[in-house]
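# Fold and contact review
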Protein chains: 2
Amino acid sequence: MDQTIKIAIDAMGGDYAPDSVIEGASSFVSQYKDVELHFFGDSSRIEPLIDKYSNLRKFAIVHHTESFVSNVEKAGNALRSGRDSSMRLAINSVKEGLTDAVVSAGNTGALMAMSKFVFKTIANVSRPAIAAMIPKFGKDCVMLDLGANSECTSKNLLDFAKMGEVYVEAALDIENPRIGLLNIGAEQIKGNEVVKEADEIFRDTKFRGRYVGFVEGDVIIGDSVDVIVVDGFAGNISLKTAEGIAKLFGSWMKESFKKSFFRKLVAFFARNAIKELKYKADPDRRNGALFLGLKHICIKSHGGADAQAFSHALSSCRKLVKQDIISKLSKALESQVPELETAIETLA
Amino acid sequence: MDQTIKIAIDAMGGDYAPDSVIEGASSFVSQYKDVELHFFGDSSRIEPLIDKYSNLRKFAIVHHTESFVSNVEKAGNALRSGRDSSMRLAINSVKEGLTDAVVSAGNTGALMAMSKFVFKTIANVSRPAIAAMIPKFGKDCVMLDLGANSECTSKNLLDFAKMGEVYVEAALDIENPRIGLLNIGAEQIKGNEVVKEADEIFRDTKFRGRYVGFVEGDVIIGDSVDVIVVDGFAGNISLKTAEGIAKLFGSWMKESFKKSFFRKLVAFFARNAIKELKYKADPDRRNGALFLGLKHICIKSHGGADAQAFSHALSSCRKLVKQDIISKLSKALESQVPELETAIETLA
């Protein structure tokens, strides 16, 4: 028989918590029965919601907590004074073996600080990164780092590449992933010192898949890479720009199809096409960024996630646990040190 | 009477040169009559095209050149060995006073190297930047640097902000522009050292408009800034990502509306709405990036620009000449040095 996947949920994290969290969990268990959900938070608010979404009852265990981390709390503060918070206790439950992984839609900085402090990083990983799925032509791809490290070394970027490979294999069932290094202009003497150095190291590294070289920001219109490696500063800006453009288009489209009665009528007949388009672009389907490089699985849901989006974060968490991604990551990073040394020697 | 605007055109630059260049110029002169166009390139290829687009004849002066800069040529090489190229001679004509500004759809690196070498930078400008219009909710805004400098100091970013203000005022008639500094996360202790330092300097600087603080990549969905300042590495990646997402949406939309006869029919009735949407998103309308910080106007058209897009680059060039943007830039940068020193003293 299959194992039961135990997920710790910070029920108080996110703009619409705990409501959207509980509703999302209810939608999640209507799809998957091999799960046990541990909710951390204010039981007087959680219990009535579980009564409301009653299909959840037999999958749910509630752990009452007195406090939670607010969205404006600084990471350092949260780490020091949030020891009894729903976020921290959910994280602790993974470390203690009560659960397999943690999901939170709360404060990103606090979640990163706490999970890094409690879980620690995998051996040979210099810095954890935030990784997420982004749309491209064909299958999605994974992009990292999306904001955990605003300054990166070439060694950091190499770790990101190795971890990204394992992630995309486990999450999207892609074999021999193609890795691209994000840069300005594909011909190269361009770019900053870090990416130029990383490019040389990548060329001398044996990956599970293969390194395809520099790629530009518009790489997503083709189908040439599965893993996009970038420092957390440019990566975050690029991701947010993409989100912004997507929303801008959505609002333009709405505006345009509401201008007259005739256009509204047309929109009615175009509803299936529009729906399909929305589905393809839908960020909710891709909700759930992974903190990659920690010794346990920690998934960050978008703070503004609604129930459906939160349910997607849970599904992606379940899949990563089933795929035993942490063992795979450890193995992939294990073999790295001698290679890196060879590469650096070659460069020297 | 109004002055005649004299534009030097590198007729051999771009993927579809000289055809799209000449056709674009023809479309341009059908709108504006106060212009004189100096074409630099292979006259045996240019002349027949001017015969074809015959409305162009009375506005056109052809300067035959023996060579041109290819798209794959490295900037340094082009600078050394491209002295007789169409690009270089077009640039020279501005320096010599024969023309007021230059437009090329050719090799970006070569164009930047040559124009910087021939024109020199405006006093007090540390580094020129590439600036372009990008869509947002409401009026467009200007974003810079888009790739001229892959590593920037806070002083570079300050120059970009000051130049961006003048540009957006002249190009979009925006008064008291709002300046944002692109960063990850709007609350701040975040970001790399350069943007944190720049933020402090910006706060102590008297701008023509005003500094609104850090903004995130999704700033384009609101209407909170007119100038977005960013280093050339993150800026280029962000711009290319936006282009990629826009193209991805376009191709999804096409795919979706071609799936069945019924959908094609719907698309036919939705054609006005779709056209409107395309117009709003159209990068062609925004074609023509300005090399900001040089003593003369140099405009880079997209390499893949078609005639319509190239004509937009010419229109934007004409407007900048009429607005006398270079004098305005020099004046804005003149007053900068004492302020910057005060700001740096305050920091120390």
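Calculation rules
Residues numbered from 1 in each chain as written. Chains lettered and ligands numbered in written order. Predicted model: local features only at pLDDT ≥ 70, side-chain atom pairs only at ≥ 80, totals over all residues. Heavy atoms only, no water. Helix = DSSP H or I, 4+ residues; strand = E, 2+ residues; numbered from the N terminus. Rg over C-alpha atoms; globule rule 2.2 N^0.38 Å. Buried < 20%, exposed > 50% of the residue type's maximum accessible area, 1.4 Å probe, protein only. Contact = heavy atoms within 4.5 Å. Areas by Shrake-Rupley, 256 points an atom, 1.4 Å probe, with all protein chains shown as cover. Least-squares fit on C-alpha atoms with pLDDT ≥ 70 in both. Pairing = 2+ DSSP bridges. Axes fitted to C-alpha atoms, helices over the stretch in contact; angles between N-to-C directions. Right-handed = clockwise from strand over helix to strand, strands pointing away. Arc of directions from axis to C-beta. Buried area = accessible area lost by both parts, 1.4 Å probe. Salt bridge = Lys/Arg side-chain N within 4 Å of Asp/Glu carboxyl O. pLDDT = per-residue confidence, 0-100. Polar contact = N/O pair within 3.5 Å; in protein donor to acceptor, adjacent residues only side chain to side chain. Core = buried A, V, L, I, M, F, W, Y, C linked by side-chain atoms within 4.5 Å. Phe/Tyr/Trp six-rings, centres within 6.5 Å; stacked < 30°, edge-to-face > 60°. Lys NZ or Arg CZ within 6 Å of the ring centre and 35° of its normal. Disulfide = S-S within 2.5 Å.

### Quick notes on the overall build of chain A
- Looking only at helices and strands, chain A features 13 helices and eleven strands.
- Computed over the C-alpha atoms, the radius of gyration of chain A is 21 Å, within 12% of the 20 Å expected from 2.2 N^0.38 for a compact globule of 348 residues.
- Principal-axis analysis of the C-alpha atoms gives chain A an extent of 65 × 60 × 45 Å.
- For chain A, buried positions account for 57% of its 348 residues.
- Considering only contacts in chain A between residues 6 or more positions apart, those separated by 24 or more positions represent 72%.
- Carbon and sulfur atoms provide 53% of the accessible area of chain A, an area that totals close to 14400 Å².

### Here we look at the relation of the copies chain B and chain A
- The two copies are related by a screw operation: chain B maps onto chain A through 180° of rotation and 0.0 Å of translation along the axis, at an RMSD of 0.0 Å. The transformation relating the two chain copies, once decomposed into turn and shift, fits a two-fold axis.
- Residue by residue, 100% of the interface of chain B is reproduced at the interface of chain A, so both copies engage with the same surface.

### Here's the deal with the sheet that holds strand 1 (residues 5-10) of chain B
All names here are of chain B.
- Pairing within the open sheet is mixed, and its eleven strands lie in the order 3-2-1-4-11-10-5-6-9-7-8. A single partner strand is all that each edge strand has here, and the edge strands are strand 3 (60-64) and strand 8 (210-215). Adjacent strand axes in the sheet meet at a mean angle of 25°, parallel and antiparallel pairs treated alike.
- Looking at chain direction, strand 1 and strand 2 (residues 35-41) are connected through six bridges and run parallel. Following the sheet pairing, Asp-10 is matched in strand 2 by Phe-40.
- On the sheet, helix 7 (residues 193-203) packs against strand 7 (178-182), strand 8 and strand 9 (227-229) and is oriented at approximately 160° with respect to strand 8.

### Observations concerning the pairing of strand 3 (residues 60-64) of chain A
Residue and element names in this part refer to chain A.
- Relative to strand 3, strand 2 (residues 35-41) runs parallel, the two being bridged by five bridges. The partner of Gly-41 across the bridge, within strand 3, is His-64.
- What joins strand 2 to strand 3 is helix 2 (residues 43-52), and the crossover it makes is right-handed.

### Quick notes on helix 2 of chain A
All names here are of chain A.
- Within the sequence span of helix 2, burial applies to Ile-46, Leu-49 and Ile-50. For helix 2, the buried positions fall inside an angular range of 100° around the axis, keeping them on one side. Residues Ser-44, Asp-51 and Lys-52 are exposed on helix 2 and point more than 90 degrees away from its buried face.
- Buried positions along helix 2 lie against helix 1 (19-29), strand 2 and strand 3.

### Re the interface of chain B and chain A
- The interface of chain B with chain A comprises 56 residues on the first partner and 56 residues on the second.
- Where chain B abuts chain A, roughly 5200 Å² becomes buried across the two surfaces, and 70% of that area is made up of carbon and sulfur atoms.
- On the chain B side of the contact with chain A, Ile-184, Phe-233 and Trp-252 of chain B bury the most area, a combined 13% of that side's loss.
- At the boundary of chain B with chain A, the tally comes to two salt bridges.
- Among the salt bridges present, the one from Glu-216 of chain B reaches Lys-240 of chain A, with a minimum N-O distance of 2.4 Å.

### Some words on the confidence of the model for chain A
- For chain A, mean pLDDT is 89; residues scoring 70 or higher make up 94% of the total.
- Reported confidence for the predicted complex is 0.79 by ipTM and 0.84 by pTM.

### Observations concerning the side chain of Asp-34 of chain B
Residues and elements named next belong to chain B.
- The residue Asp-34 is located in the loop between helix 1 (19-29) and strand 2 in this model.
- Among the polar contacts made by the side chain of Asp-34, one reaches the side chain of Arg-318 at a distance of 3.0 Å.
- In this structure Asp-34 touches Gln-3, Thr-4, Ile-5, Arg-318 and Lys-322, once residues within four positions along its chain are discounted.

### With respect to the nonpolar core
- Judged by nonpolar contacts, the single largest core of 238 residues is most densely connected at Phe-39 and Phe-202 of chain A together with Phe-39 and Phe-202 of chain B.
- Beyond its immediate stretch of four places on either side in the chain, Phe-202 of chain B contacts Leu-157, Leu-158, Ala-161, Ile-179, Leu-181, Phe-207, Tyr-211 and Val-229 of chain B.

### Some points on unusual backbone geometry
- Note the cis peptide between Ala-17 of chain A and Pro-18 of chain A, where omega equals -5°.
- Within the secondary structure, Pro-18 of chain A sits in the loop between strand 1 (5-10) and helix 1.
- The amide bond that connects Leu-144 of chain B to the next residue, Asp-145 of chain B, takes the cis arrangement and shows omega of 5°.
- Note that Asp-145 of chain B resides in the loop between strand 6 (141-144) and helix 6 (154-172).

### As for the packing of aromatic side chains
Residues and elements named next belong to chain A.
- Per the stated rule, a full pass over the model turns up six aromatic pairs over all chains.
- Site record: aromatic cluster; members linked through ring pairs are Phe-202, Phe-207 and Tyr-211.
- Above the face of the Phe-117 ring, Lys-120 is positioned so that its terminal group lies 4.7 Å from the ring centre.

### Remarks on the state of the cysteines
- Applying the stated criterion across every chain, the model contains zero disulfides over all chains.
- Of all cysteine sulfurs in the structure, the one in Cys-152 of chain B sits closest to Cys-152 of chain A, which takes part in no disulfide; the separation is 17 Å.
- Summary of cysteine pairing: Cys-141 of chain B is not part of a disulfide, and the nearest cysteine sulfur, belonging to Cys-152 of chain B, is at 18 Å.

### Digging into the environment of Ala-234 of chain B
- When you line up the elements, Ala-234 of chain B lands in helix 8 (residues 232-256).
- Separated by 87 residues in sequence, Ala-234 of chain B and Gly-147 of chain B place their C-alpha atoms 8.3 Å apart.
- Apart from the residues lying within four places of it in its own chain, the contact partners of Ala-234 of chain B are Phe-233, Ala-234 and Ile-237 of chain A.

### Digging into the sheet that holds strand 8 (residues 210-215) of chain A
Residue and element names in this part refer to chain A.
- Pairing within the open sheet is mixed, and its eleven strands lie in the order 3-2-1-4-11-10-5-6-9-7-8. Looking at strand neighbours, the two that pair on one side only are strand 3 and strand 8, the edges of this open sheet. The mean angle between the axes of side-by-side strands here comes to 25°, regardless of whether they run parallel or antiparallel.
- Here three bridges tie strand 5 (residues 129-134) to strand 10 (residues 289-292), and the two strands are oriented antiparallel to one another. Residue pairing for strand 10: Ala-129 is matched across the bridge by Leu-292.
- Sheet contacts for helix 1: strand 1 and strand 2; angle to strand 2, the most-contacted strand, approximately 175°.
- Here helix 11 (residues 307-322) sits on the sheet in contact with strand 1, strand 2, strand 4 (101-104), strand 10 and strand 11 (297-300), set at roughly 140° to strand 1.

### Some points on the pattern of salt bridges
- On inspection of all chains with the given rule, the structure shows 28 salt bridges over all chains.
- For Arg-57 of chain A, the salt bridge is made with Glu-47 of chain A, and the minimal N-O distance between the two is 3.0 Å. Residue Arg-57 of chain A is located in the loop between helix 2 and strand 3, and its partner Glu-47 of chain A is located in helix 2; the two are separated by ten residues in the primary sequence.
- By relative accessible area, which is 28% here, Glu-47 of chain A ends up partly exposed.
- Asp-223 of chain B is the partner of Lys-136 of chain B in a salt bridge, and the nearest nitrogen-oxygen pair spans 2.6 Å. With Lys-136 of chain B in the loop between strand 5 (129-134) and strand 6 and Asp-223 of chain B in the loop between strand 8 and strand 9, this residue pair connects regions lying 87 residues apart in the sequence.
- Owing to a relative accessible area of 1%, Lys-136 of chain B belongs among the buried residues under this scheme.
- Residue classification places Asp-223 of chain B among the partly exposed residues on the basis of a relative accessible area of 41%.

### Some points on the environment of Val-168 of chain A
Residue and element names in this part refer to chain A.
- For Val-168, the position within the fold is in helix 6 (residues 154-172).
- Under the relative-accessibility criterion, Val-168 is labelled buried at 0%.
- C-alpha separation for the pair Val-168 and Phe-233, spaced 65 residues apart in sequence, amounts to 22 Å.
- Setting aside residues no more than four positions away along its own chain, Val-168 makes contact with Val-142, Asp-173, Ile-174, Pro-177, Asp-226 and Val-227.

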